[in-house]
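Observations on the three-dimensional arrangement
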Amino acid sequence: MDIERLFDASYVRVLSREVEGQAFFEAFYERFIAASPEVSAKFRHTDMARQRAMLKKAFYHLLAFYASSHADYYLQQVAISHGRAHLDIAPALYDLWLETLIDTVRAFDERFDDEVELAWRLVMTPGIVFMTFHYDRGVGAG
């Protein structure tokens, strides 16, 4: 199973189509915000166009982290900004984030199957672990 190839091909497919008039990241955030009152509150005053652009950029860094096991400066800054001292994105919210992401991929990727799902989970999970690990620590703290 070529995880990166499966992920990359699926990512291209989900970005290339709309479902019910929505692009992938728009649909993801709509689902994510609707999934929890806590998530809804976190995004209450957020510029969602900017947020979607930031997530697109973050996907590149998450894939790079998966491939290299090296957290670049961008991912470190995201971890700091999402920690308890800043945006306070609790670790449990990342589980909901991943499940919502998978559900959105399922809706957007016409070739979605168990291997595609596993590829998405394997690519996203190291970055999620990095983020949740630093929730109370800050990046660089032991």
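The rules we used
- Residues numbered from 1 in each chain as written.
- Predicted model: local features only at pLDDT ≥ 70, side-chain atom pairs only at ≥ 80, totals over all residues.
- Heavy atoms only, no water.
- 1 Å grid on protein atoms, 1.4 Å probe; cavity = no way out; pocket = protein on both sides within 12 Å on 5 of 7 lines; lining within 4 Å.
- Points joined across faces, edges and corners; volume = space filled by probe spheres on them.
- Helix = DSSP H or I, 4+ residues; strand = E, 2+ residues; numbered from the N terminus.
- Expected span 1.5 Å × (residues − 1).
- Buried < 20%, exposed > 50% of the residue type's maximum accessible area, 1.4 Å probe, protein only.
- Arc of directions from axis to C-beta.
- Contact = heavy atoms within 4.5 Å.
- Patch = residues over 30% accessible without salt bridge, like charges linked within 9 Å, V, L, I, M, F, W, Y side chains within 5 Å.
- Areas by Shrake-Rupley, 256 points an atom, 1.4 Å probe, with all protein chains shown as cover.
- Salt bridge = Lys/Arg side-chain N within 4 Å of Asp/Glu carboxyl O.
- Lys, Arg positive; Asp, Glu negative; His and termini not counted.
- Charge placed at Lys NZ, Arg CZ, Asp CG, Glu CD.
- Phe/Tyr/Trp six-rings, centres within 6.5 Å; stacked < 30°, edge-to-face > 60°.
- Lys NZ or Arg CZ within 6 Å of the ring centre and 35° of its normal.

**Points about the layout of surface pockets**
If you add up the space inside the largest pocket, you get close to 710 Å³. Residue lining of the largest pocket: 26 residues in total, with Y29, F43, Q51, V78 and H82 positioned closest to the centre. Taken together, the elements giving at least two residues each to the lining of the largest pocket come down to helix 2 (24-34), helix 3 (37-42), helix 4 (48-68), helix 5 (73-82), helix 6 (91-108) and helix 7 (114-133). Counting residues per element, the lining of the largest pocket draws most heavily on helix 4, which supplies six residues.

**Thoughts on helix 1 (residues 3-15)**
Taking 1.5 Å per residue, 13 residues should reach 18 Å; helix 1 reaches 18 Å between its end C-alpha atoms and fits that length. I3, L6, F7, S10, Y11, R13 and V14 are the residues of helix 1 that are buried. Mapping the buried residues of helix 1 onto a view down its axis gives an arc of 160°, with all of them on the same face. Across helix 1 from its buried face, at more than 90 degrees, point the exposed residues R5 and V12. Tucked inside the fold, the buried residues of helix 1 contact helix 2, helix 4, helix 6 and helix 7.

**Examining a negative patch on the surface**
A cluster of acidic residues, E18, E20, E26 and E30, forms a negative patch on the protein surface. As for its position among the elements, E20 is in the loop between helix 1 and helix 2. A relative accessible area of 80% means that E20 is categorised as exposed.

**Notes on the pattern of salt bridges**
What the rule picks out here adds up to seven salt bridges. We note a salt bridge from E110 to R17, for which the minimum N-O separation is 3.9 Å. Placement of the pair is E110 in the loop between helix 6 and helix 7 and R17 in the loop between helix 1 and helix 2, with a sequence separation of 93 residues. Residue E110 is classed as exposed on the basis of its relative accessible area, which comes to 54%. Residue R17 is classed as partly exposed on the basis of its relative accessible area, which comes to 31%. Among the ionic pairs, R121 bridges to E117, the shortest N-O distance being 2.9 Å. With a gap of four residues between them, R121 and E117 both fall in helix 7, about one helical turn apart. What emerges from the salt-bridge pattern is a single network uniting E99, D103, R106, E117 and R121.

**Side note on the packing of aromatic side chains**
In this structure the tally under the stated criterion is 16 aromatic pairs. Here Y29 and F43 contribute two aromatic rings whose centre-to-centre distance is 5.4 Å and whose plane-to-plane angle is 65°, an arrangement assigned as edge-to-face. Remark: F43 occurs in the loop between helix 3 and helix 4 and Y29 occurs in helix 2; sequence separation between them is 14 residues. Like Y29, the residue F43 is buried in the burial classification. Grouping aromatic residues by their ring pairs yields a cluster made of F7, Y11, F24, F25, F59, F108 and W120. The positively charged end of R137 is found above the aromatic ring belonging to F133, 3.9 Å away from the centroid.

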